[in-house]
Amino acid sequence: MSPTKPPLVGASTPLPLPPPFSHSALRLLTQGAEALVFHTTLLDSRTPVALKYRPPKPYRHPLLDRRLTRQRLLAEARVLVKCRKEGVLVPDVVALGADEGWLGLGWVEGATVRRVLDKWVGKRGEEGEGELMGLMGRVGRAVGRMHEIGVCHGDLTTSNLMDSPADLRSLAGDIVLIDFGLATQSIQDEDRAVDLYVLERAFAATHPVAEPLFQEVLRTYGESYKGAKVVLRRLEDVRMRGRKRSMLG
Amino acid sequence: MATVETLYLPHYPDYPIYISFFKNVSNAPFLRQQLLEANTAFEYAFLDATMILSPRHLYAATFRALNDAVHTRLKSRNIHSELVFSLSPNNNIADAYRRFGIQDSTTSLLAVKIPLSNHDITAESVSKHLGGAVEGESVAFGEEALAGVTDLKALRKVYKLDSGNKGGGGKKGKKGAEVVVNGNGVGSGKDERAEMEGVILGIMALKGT
């Protein structure tokens, strides 16, 4: 989510937006299965936000659709506010249109960890490896802190981790977790281990050379809170079977 | 005449909002009385400025009130009471007035007027009326104006921002919203107000859901 990215071209007939929003003031950033994310401002012109809009799904009964959208939106907003209260770095919830299906999230500067990794792999450089390890360490601690307060992300990929440095040229930024659309409030080792497993797969998918970096994530994760070691042990079970647990009763 | 700022919230270009800030106000009891009597000449949100953290804090409440008014789902009598209500973390309107509204003891006052579609009301008319009605020193509204006014401690209490600390929990080094988790010092210079603002906006947005 970089503000410099060119806008994606939308469909030929633009999707209707919930009032008060109009396409002229919004710039489409990404589109997922459930939501569209726009860049705009809220409250004042100096407050950039990512506006996440869950459009109605025409194949669902309107009443059910509104309820589901509202529920999911609220779950996401609640988890974000909880994280923010507890000092886990996540976007601010700036405003919310629960009935209209939108959520205004404080803009996070920086690059996704995925982009940072891709760049590093592209250069194939040994240079900056220390810096990169530092980054991995911060990822592990950020995830650990989130788990510690009883939140599981549900879709922990390198694209959902932002490296948000004060100086945009360095890697030495805070790790901000984004996209809590699938997050749950859970303290189960299983859910935590699955978070780590999904993240591990995301690292492996980037490039084989990125895989050893993940060891550093696990190392700092293991030291980040009291229950972390148990989760790491559980991660080994999850690796053996995949992220879905027994589907038998 | 009083200094009046005309504000347009993003996405609501057709709804001007007039904001006036006064210091050393001496007739708060009179102004409050006008609200209690529902004097139609005094349709403002009169706020105790010590309970406003930042311009954005005020804008967030204003946005919510305006957005809810446009969607015709106000929870209180009018858009001005809704603004006061929007600031509150709970669903009690009287409580919201007690905490964020003008008190007899108020000396720093914010007056907000949202005329909606009433085009007879202009910055000039608001300025003229407030200039005559409020006995106090009119100051330009902004971050600087609030800097020495906000009661951070009272705000922390109202929004329960320290609840993570109390109870003598065994969680080491945990300090509510002030902790910067994983930075290594470079990007961690965010000040207290910015930290509080992020949490407060979230609490306000979630209120009543």
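It should be emphasised that the depicted structure is a prediction, and the values quoted were computed from it without experimental measurement.

**Side note on the overall build of chain A**
- Each helix and strand counted, chain A has 6 helices and 10 strands in total.
- When each of the 249 residues of chain A is scored for burial, the buried share is 55%.
- Of all intrachain contacts in chain A linking residues separated by at least 6 positions in sequence, the fraction that spans at least 24 positions is 62%.
- Surface exposure of chain A reaches about 11900 Å², of which carbon and sulfur atoms provide 55%.

**Considering the interface of chain B and chain A**
- Listed per partner, the contact involves 33 residues of chain B and 40 residues of chain A.
- Here chain B and chain A share an interface that buries about 3300 Å² over both sides, 58% of which is from carbon and sulfur atoms.
- One can count 3 salt bridges joining chain B with chain A.
- A salt bridge links A:Glu100 to B:Arg73; its shortest N-O distance comes to 2.7 Å.

**Overview of the pairing of strand S1 (residues 27-31) of chain A**
All names here are of chain A.
- Here S1 runs beside strand S2 (residues 36-41); their pairing, made up of 4 bridges, is antiparallel. Paired with Arg-27 across the two strands is His-39, which belongs to S2.
- Taking the residues that link successive antiparallel strands as the turn, the S1-S2 hairpin has 4 residues.

**Considering the domain arrangement of chain B**
Residues and elements named next belong to chain B.
- Segmentation of chain B into domains returns domain 1 (5-147) and domain 2 (152-206).
- Every contact between the two is made by 16 residues of domain 1 and, on the other side, 13 residues of domain 2.
- With both sides pooled, the region where domain 1 packs onto domain 2 buries about 1300 Å², and carbon together with sulfur makes up 64% of that total.
- Counting the surface domain 1 buries against domain 2, the share from its top three residues, Met-51, Leu-53 and Pro-89, is 44%.
- Taken together, the links from domain 1 to domain 2 amount to 1 salt bridge.
- Across the pair Glu-197 and Arg-56 runs a salt bridge, and its minimum N-O distance is 2.7 Å.
- Our count for the domain 1 to domain 2 interface comes out at 8 residue pairs in polar contact (both at pLDDT 80 or more).
- Looking at the side of domain 1 that touches domain 2, the elements that each hand over two or more residues are helix H2 (55-70), helix H3 (79-87), helix H4 (93-100) and helix H6 (143-147).
- Tallied by class, residues from the side of domain 1 that touches domain 2 come to 10 nonpolar, 3 polar and 3 charged.

**Some details on the packing of helix H4 (residues 189-206) of chain A against helix H6 (residues 228-241) of chain A**
All names here are of chain A.
- Axis separation between H4 and H6 bottoms out at 8 Å; the angle between their running directions is 65 degrees. For the pair H4 and H6, the crossing hand works out as right-handed. Contacts between H4 and H6 pair Asp-189, Glu-190, Arg-192, Ala-193, Val-194, Leu-196, Tyr-197 and Glu-200 from the former with Val-230, Val-231, Leu-232, Arg-234, Leu-235, Val-238, Arg-239 and Arg-241 from the latter.
- Here the residues of the contact of H4 with H6 are counted per class, giving 9 nonpolar, no polar and 7 charged.

**Notes on the layout of surface pockets**
All names here are of chain A.
- As a volume, the second largest pocket reaches approximately 760 Å³.
- For the second largest pocket, the lining is made up of 32 residues, of which Thr-30, Val-37, Lys-52, Asn-160 and Asp-179 are closest to its centre.
- At the level of elements, S1, strand S3 (48-53), strand S5 (102-106), strand S6 (111-112) and helix H2 (113-123) are the ones that each hand at least two residues to the lining of the second largest pocket.
- Examining the composition of the lining of the second largest pocket, we find that 3 residues originate from one element, H2, more than from any other.
- A class-by-class count of the residues in the lining of the second largest pocket yields 12 nonpolar, 10 polar and 10 charged.

**A few points about the sheet that holds strand S4 (residues 93-97) of chain A**
Residue and element names in this part refer to chain A.
- Pairing in this open sheet of 5 strands is antiparallel, and the strands run S1-S2-S3-S5-S4 from one edge to the other. The open sheet has two edge strands with one neighbour each: S1 and S4. Shown here is a sheet whose adjacent strand axes are inclined to one another by a mean of 25 degrees, direction ignored.
- Both S2 and S3 contribute to a ladder of 6 bridges, which runs antiparallel. Considered in S3, the bridge of Phe-38 is made with Leu-51.

Definitions and cut-offs
Residues numbered from 1 in each chain as written. Chains lettered and ligands numbered in written order. Predicted model: local features only at pLDDT ≥ 70, side-chain atom pairs only at ≥ 80, totals over all residues. Heavy atoms only, no water. Helix = DSSP H or I, 4+ residues; strand = E, 2+ residues; numbered from the N terminus. Buried < 20%, exposed > 50% of the residue type's maximum accessible area, 1.4 Å probe, protein only. Contact = heavy atoms within 4.5 Å. Areas by Shrake-Rupley, 256 points an atom, 1.4 Å probe, with all protein chains shown as cover. Buried area = accessible area lost by both parts, 1.4 Å probe. Salt bridge = Lys/Arg side-chain N within 4 Å of Asp/Glu carboxyl O. Pairing = 2+ DSSP bridges. Domains from an automatic or database assignment. Polar contact = N/O pair within 3.5 Å; in protein donor to acceptor, adjacent residues only side chain to side chain. Nonpolar A, V, L, I, M, F, W, Y, C, P; charged D, E, K, R; others polar. Axes fitted to C-alpha atoms, helices over the stretch in contact; angles between N-to-C directions. Left-handed = near helix turned anticlockwise from the far one by under 90°. 1 Å grid on protein atoms, 1.4 Å probe; cavity = no way out; pocket = protein on both sides within 12 Å on 5 of 7 lines; lining within 4 Å. Points joined across faces, edges and corners; volume = space filled by probe spheres on them.

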